[in-house]
Amino acid sequence: MASPTLTADFAHQFPELAKSWQAATPPEPRLLVLNEKLAGELGLDPAWLRSPDGLALLTGADVPDGAAPVAQAYAGHQFGNYVPLLGDGRALLLGELAGDHLRDIHLKGSGRTPFARGGDGLAVVGPMLREYVISEAMHALGIPTTRSLAVVATGALVQRETPQPGAVLTRIAASHLRVGSFQLAAQQAHATGDLGLLRRLADYAIARHYPDARQAENPYLALLAAVIEAQASLIADWMLAGFVHGVMNTDNMTISGETIDYGPCAFMEAYDPATVFSSIDYAGRYAYGNQPLVAQWNLARFAETVLPLLAATEELALAVAVETLEGFMPRYHGLWSAGMVAKFGLAASVESIALVDQALALMTEHQVDYTSFFRRLAHAGRGDTAALPAVFGDWLPRWRAMNPDIDAMECVNPVYIPRNHLVEQALTAAMRGDLAPVDQLLGVITDPFRQRAGLADYESPAPPEFGAYRTFCGT
Ligand code: AMP
Ligand code: MG
């Protein structure tokens, strides 16, 4: 197979938001993991991707004719503080793969770019494998996400606290348009009074992600509503799965509604809305239970960017934007409630919600492992009442009296998630050169709902000696 054809759609249409750039050439590239299934879906030949030419593509060392790799510019609120220019400091958009719709092929860890500021532009093996594992787990759970095609070790050492082996991750995404991309375009509109770039960006987002909005009476308001809907659904998915993103800055929120930028993210074990893993999230801004509110805050920032496109006067624009934003929380709550009662095998009703609330309160009070609780509950529903902690003794008969659908529960409640201690063990082994635990973990978590023999270790929370889990960004 020859190298794939890449378009340079974004690069050509948005020179203002794209700096042509060339990836660093890795001294000794070595493929660590390749997503053969995803490659197949993208029409890429896994055997070719494993060849020297394939590795040259996966590291950006050599790109197909016609491709025009760029570092994308964007702004963003980081922990609530506005940064007028962020951009891909260590990433490149290689181009788009054509198909039913365009899919970005993007590299992370491919060297310094003009947006690198103080950073070295590099990434290391552990965190890139971590993004691969967690994003593929999210996909298997049915949660919209960017995908991971491959991780290639570069053969170079990267200076962190200690020298670490470098790596490049190849990421596939519906696009890399972020709230922060719109913030940069809106900033330019404010500075120059010229709405051209902002309007083109909104038109591009509509064409690429929400083509129905074009037919709406007010396409830009329809775009805002569609992004709000996509995010309400995404955040409900995260909350139902117990996923903590960890760094929900506006530059890490996509317009497409895919989860992006797996830095300090992790899955919650003991149920607790205050759960925070990120070592730099001192105030708990991005705690598990805060995610819906933060998403709403980020969407308000997005709404501000499109205000000049929404109506003839600022007053009118503000009124329709606020009204549309006000739809977020009720929509999120509706999706969350429907998903949560389904996790309990129940149909939606006032009684179901009350029962769910009581169970969540018991889980918080007694630090019950969130993911395994639902599968244990299904066991209890089948008659094994010892499957649940004794504190559920009074609650259980009331739940059983509501005739829960146990078979349905087993379709929506995963057995296997990437447990923090197992992810750490697998990454530690990979850093030593042993990729078997990562491969095994991937095999387990990419088929999360079907319980298999011999995998009991993957079902359980971390042993107490693992301690409080801390994660890091920008690594
Ligand atoms: P993130 O926390 O991954 O969303 O990154 C926030 C910003 O920092 C983005 O603009 C990244 O491109 C940039 N960045 C993170 N790590 C590095 C690095 N090692 N070198 C250069 N830029 C980086
Ligand atoms: Mg980011």
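These numbers were taken from a predicted model, which means no experiment stands behind them.

With that out of the way, let us pick up the overall build of the chain. Across its full length, the chain carries 17 helices and 12 strands. Against the globule reference of 23 Å for 475 residues, the chain gives a C-alpha radius of gyration of 23 Å, in line with a compact fold. Its C-alpha atoms give the chain principal-axis dimensions of about 65 × 60 × 40 Å. Considering only contacts within the chain whose residues lie at least 6 apart along the sequence, 70% involve residues at least 24 apart. Seen as two clouds, the 32 positive and the 50 negative side-chain charges of the chain have centres 3 Å apart.

This part takes up the coordination of the magnesium ion (ligand 2). Only N252 (OD1) and D261 (OD) from the protein reach the magnesium ion (ligand 2) as donors, at distances of 1.8 to 2.2 Å. Classification of N252 by relative accessible area gives buried; the value is 11%.

Summed over the entire model, instances satisfying the criterion amount to 19 salt bridges. Linked through salt bridges whose partners overlap, the residues forming this network are D88, K108, E131, R171, R178 and D261.

Another point: helix α6 (residues 179–192). In this model, α6 (14 residues) spans 20 Å end to end at C-alpha, consistent with the 20 Å of a helix rising 1.5 Å per residue. Against the buried residues of α6 lie β5 (76–78), β6 (81–83), α7 (196–209), α8 (219–241) and α9 (291–310). Looking one or two residues beyond α6, the residue adopting positive phi is G193, at roughly 75°.

What follows is about the site of ligand 1. Surveying the vicinity of ligand 1 reveals 17 residues, the closest of which are G87, G89, D120, G121 and N252. D120 is positioned such that a nitrogen or oxygen atom in its side chain is 3.1 Å from a nitrogen atom of ligand 1. Contact between ligand 1 and L122: a nitrogen atom at 3.5 Å from a main-chain N or O atom of the residue. Here ligand 1 loses 84% of its free accessible area of 480 Å² to cover by the protein chains. Taken together, the residues of the shell around ligand 1 sort by class into 4 nonpolar, 6 polar and 7 charged.

The next thing to look at is the UniProt feature "active site" (unreviewed entry) in the chain. Look at the UniProt record and you will see "active site" (unreviewed entry) annotated at D251. A relative accessible area of 6% places D251 in the buried class.

In terms of nonpolar packing, the biggest core is built from 135 residues, with F182, F344, W395 and W399 touching the most fellow members. Element by element, the count of residues in this core is highest for α8, at 16 residues. For this core, the two domains that each supply at least three residues are domain 1 (6–176) and domain 2 (177–415 + 459–475). When neighbours within four sequence positions are excluded, F344 is seen to be in contact with V356, A359, F373, F374, L377, W395, W399, P404 and M409. If you look at the next biggest cluster of nonpolar residues, it comprises 22 residues, including L42, L97, V152 and I172.

By secondary structure assignment, the location of T471 is in the segment after α17 (436–445). Relative accessible area serves as the criterion here: at 3%, T471 is assigned to the buried category. Expressed as a C-alpha distance, the spacing of T471 and R208, which sit 263 residues apart in the sequence, is 34 Å. A polar contact is formed between the side chain of T471 and the backbone nitrogen of S278, at a distance of 3.4 Å.

Attention now goes to the confidence of the model for the chain. Averaged over all residues, the pLDDT of the chain is 97; the fraction at 70 or higher stands at 100%. Mean pLDDT values for the elements of the chain range from 96 in strand β1 (residues 6–7) up to 99 in α8.

Okay, the pairing of strand β7 (residues 91–97) next. For β7, a buried count of 7 out of 7 residues is recorded, marking the element as mostly surrounded by other parts of the structure. In this sheet, β7 lies alongside β1 in antiparallel orientation, the contact comprising 2 bridges. Of the residues in β7, the one forming a bridge with T7 is E96. Here β7 pairs with strand β8 (residues 103–108) via 6 bridges, running antiparallel. Bridging across to β8, L97 finds its partner in R103. Here β7 folds back onto β8, and the loop between the two strands holds 5 residues.

Before going further, it helps to spend a moment on the UniProt feature "binding site: Mg(2+)" (unreviewed entry) in the chain. Mapped onto this structure's residue numbering, the UniProt feature "binding site: Mg(2+)" (unreviewed entry) falls at N252 and D261. Looking at the secondary structure, you find N252 in the loop between β11 (243–244) and β12 (266–267). Residues contacting N252, with those up to four places away along its chain left out, are R178, H245, V247, I260 and D261. Secondary-structure assignment places D261 in the loop between β11 and β12. Residue class for D261 comes out buried when judged on its relative accessible area of 15%. When near neighbours in sequence (up to four residues on either side) are disregarded, D261 contacts K108, R171, R178, H245 and N252.

Definitions and limits used
Residues numbered from 1 in each chain as written. Chains lettered and ligands numbered in written order. Predicted model: local features only at pLDDT ≥ 70, side-chain atom pairs only at ≥ 80, totals over all residues. Heavy atoms only, no water. Helix = DSSP H or I, 4+ residues; strand = E, 2+ residues; numbered from the N terminus. Rg over C-alpha atoms; globule rule 2.2 N^0.38 Å. Contact = heavy atoms within 4.5 Å. Lys, Arg positive; Asp, Glu negative; His and termini not counted. Charge placed at Lys NZ, Arg CZ, Asp CG, Glu CD. Donors = N, O, S within 2.8 Å, 3.2 Å for Na, K, Ca; no water. Buried < 20%, exposed > 50% of the residue type's maximum accessible area, 1.4 Å probe, protein only. Salt bridge = Lys/Arg side-chain N within 4 Å of Asp/Glu carboxyl O. Expected span 1.5 Å × (residues − 1). Near = heavy atom within 4 Å. Polar contact = N/O pair within 3.5 Å; in protein donor to acceptor, adjacent residues only side chain to side chain. Areas by Shrake-Rupley, 256 points an atom, 1.4 Å probe, with all protein chains shown as cover. Nonpolar A, V, L, I, M, F, W, Y, C, P; charged D, E, K, R; others polar. UniProt positions renumbered as here; feature names shortened; annotations may be inferred. Core = buried A, V, L, I, M, F, W, Y, C linked by side-chain atoms within 4.5 Å. Domains from an automatic or database assignment. pLDDT = per-residue confidence, 0-100. Pairing = 2+ DSSP bridges.

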